[in-house]
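Working through the structure, step by step
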Amino acid sequence: MSEKKRVLVVDDSVFARKIVSDILDSSSELTVVGTANDGLDALAKMESLKPDVITMDVEMPKLDGIEALRQIMATRPTPVVMVSSLTQEGAKESMLALKYGAVDIVAKPHGTHSIGLSAQTNELIAKVTAAAGVNVARLSPLAAKTLQQPKPAAVAHQRNDFPVVMIASSTGGPRALRMLLPALSEINTAAYVIIQHLPVGLSKTIADDLDTITSLKVSEASPSTKSLQPGEVLFAKSGYHLVFNSDRSAALSVAPPLWGVRPSADVSMVSAAPVYGSRLIGVVLTGMGHD
């Protein structure tokens, strides 16, 4: 058997530390080697505990999770999964954390003092396990990338046989997408669709961030979305399946989750295949599970 990955749990709530620790210790691949009650405590314990991965709360006294993350990446780069209350402000902070090197995000139920985290056992274990294997030292330079030139003006496209590239992404995906999207800037003759597993409330923040690092136009799918266009990236809305109708229009669906996730890449790809046929290209980036 392979050795268990060592986890440091960081949260200012005693209750949250207990819940997260119990969840992670229930995994055969993880062991919690210690806890910390704020960012300063985490930094002090890192050298002795030598964790393979860290779960980090965002809002903490003395040193918050964002600044602790920055210092960890500067001194001892270690995979970090942020555990954040995804209020509007929490979504912005979570996006900052991804830029500064966090591997992924788990949503802490807002206003429940983390009681609801027990319902996210599989997600938390999957994301922490996946994060433990990420080489964050290789990923951290991506944080500084921003689009240096204004986006080109939209042009009218006469052809309707352009390629459609559908990208599926899960655990670790937000970081992978920040690597991929800038490289696609010059390939504006295709339309793109991204299905990324995210906590509800975070998809628009991620889409808006990606829009700043590529010359492609990135937008979150909405009820007003009509159809795909070359040079544009349609980002699936968290909490909804993104499906395609026979007239090539896009739509949001509240059909039950598939493989435990909504949006599901399987649902989107199956609906798009008969619509776009040989023009459709499927790409699977990173993650765990079955979708």
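Scoring rules and cut-offs
Residues numbered from 1 in each chain as written. Predicted model: local features only at pLDDT ≥ 70, side-chain atom pairs only at ≥ 80, totals over all residues. Heavy atoms only, no water. Helix = DSSP H or I, 4+ residues; strand = E, 2+ residues; numbered from the N terminus. Buried < 20%, exposed > 50% of the residue type's maximum accessible area, 1.4 Å probe, protein only. Contact = heavy atoms within 4.5 Å. Pairing = 2+ DSSP bridges. Axes fitted to C-alpha atoms, helices over the stretch in contact; angles between N-to-C directions. Phe/Tyr/Trp six-rings, centres within 6.5 Å; stacked < 30°, edge-to-face > 60°. Lys NZ or Arg CZ within 6 Å of the ring centre and 35° of its normal. Parallel < 35°, antiparallel > 145°, perpendicular 65-115°, else oblique. Left-handed = near helix turned anticlockwise from the far one by under 90°. Nonpolar A, V, L, I, M, F, W, Y, C, P; charged D, E, K, R; others polar. Arc of directions from axis to C-beta. Polar contact = N/O pair within 3.5 Å; in protein donor to acceptor, adjacent residues only side chain to side chain.

**Quick notes on the overall build of the protein**
Each helix and strand counted, the protein has nine helices and 12 strands in total. Expressed as a percentage of the 291 residues in the protein, the buried residues total 49%. Nonlocal contacts in the protein, meaning residues at least 24 apart in sequence, comprise 70% of its contacts between residues at least 6 apart.

**Digging into the sheet that holds strand 12 (residues 280–284)**
The strand order across the open sheet built from five strands is 8-9-7-6-12, with neighbouring strands paired in parallel fashion. Sheet topology places strand 8 (217–220) and strand 12 at the edges, where each strand pairs with a single neighbour. Averaged over all adjacent pairs, the angle separating strand axes in this sheet is 20 degrees, with direction ignored. Bridge count for strand 6 (residues 164–169) against strand 12 is five bridges, and the pairing is parallel. Residue pairing in the sheet places Ile167 in a bridge with Val283 of strand 12.

**Quick notes on the sheet that holds strand 1 (residues 5–10)**
Pairing is parallel in the open sheet, where five strands are placed in the order 2-1-3-4-5. Unpaired on one side and paired on the other, strand 2 (30–36) and strand 5 (104–107) mark the two borders of the sheet. The mean inter-strand angle of the sheet, taken between neighbouring strand axes irrespective of direction, is 25 degrees. Direction of pairing for strand 3 (residues 53–57) relative to strand 4 (residues 80–84): parallel, over a ladder of four bridges. By the bridge assignment, Met56 is partnered in strand 4 with Met82. Against the sheet, helix 1 (residues 14–25) engages strand 1, strand 2 and strand 3, with an angle of about 165 degrees to strand 2.

**Here we look at the packing of aromatic side chains**
The description of an aromatic ring pair uses the distance of the two centres, along with the angle that the planes make with each other. Enumeration over the complete set of coordinates arrives at one aromatic pair. Relative to Tyr276, the ring of Phe244 has its centre 5.9 Å away and its plane inclined at 75 degrees; by these criteria the two rings are edge-to-face. With Phe244 in strand 10 (residues 241–244) and Tyr276 in helix 9 (residues 265–276), this pair connects stretches of sequence that are 32 residues apart. Per residue, the accessibility class of Phe244 equals that of Tyr276, and both read buried. Cation over ring: Arg70 sits above Tyr100, and NZ or CZ is 4.7 Å from the ring centre.

**Describing the pairing of strand 10**
Look at any regular strand and the pattern is simple: side chains alternate between the two faces of the sheet. Both faces of strand 10 are covered, namely the face carrying His241 and Val243 and the face carrying Leu242 and Phe244. Direction of pairing for strand 10 relative to strand 11 (residues 250–253): antiparallel, over a ladder of four bridges. Bridge assignment links His241 to a residue of strand 11, and that residue is Ser253. Remark: five residues form the turn of the hairpin made by strand 10 and strand 11, two consecutive strands paired antiparallel; Arg248 in that turn has positive phi of roughly 75 degrees.

**Brief notes about the packing of helix 7 (residues 173–183) against helix 8 (residues 203–211)**
For any two helices packed against each other, one specifies the inter-axial angle together with the distance between the axes. For the pair helix 7 and helix 8, interaxial distance at closest approach is 10 Å and the crossing angle is 25 degrees. On the basis of the axis angle, helix 7 is roughly parallel to helix 8. Of the two possible hands of crossing, helix 7 and helix 8 adopt the one that is right-handed. Together, Pro174, Leu177, Arg178 and Leu181 of helix 7 and Ile206, Asp209 and Leu210 of helix 8 make up the contact between the two elements. A class-by-class count of the residues in the contact of helix 7 with helix 8 yields five nonpolar, no polar and two charged.

**Observations concerning helix 2 (residues 39–49)**
Taken residue by residue, helix 2 has Gly39, Asp41, Ala42, Met46 and Leu49 as its buried positions. Viewed end-on, helix 2 has its buried residues packed into an arc of 140 degrees, placing them on one side of the element. Opposite the buried face of helix 2, by more than 90 degrees, sit the exposed residues Ala44 and Ser48. Considering only its buried residues, helix 2 is in contact with strand 1, strand 2, strand 3 and helix 3 (65–75). The opening residue of helix 2 is Asp38, an N-cap whose side-chain oxygen sits 3.0 Å from the backbone nitrogen of Leu40.

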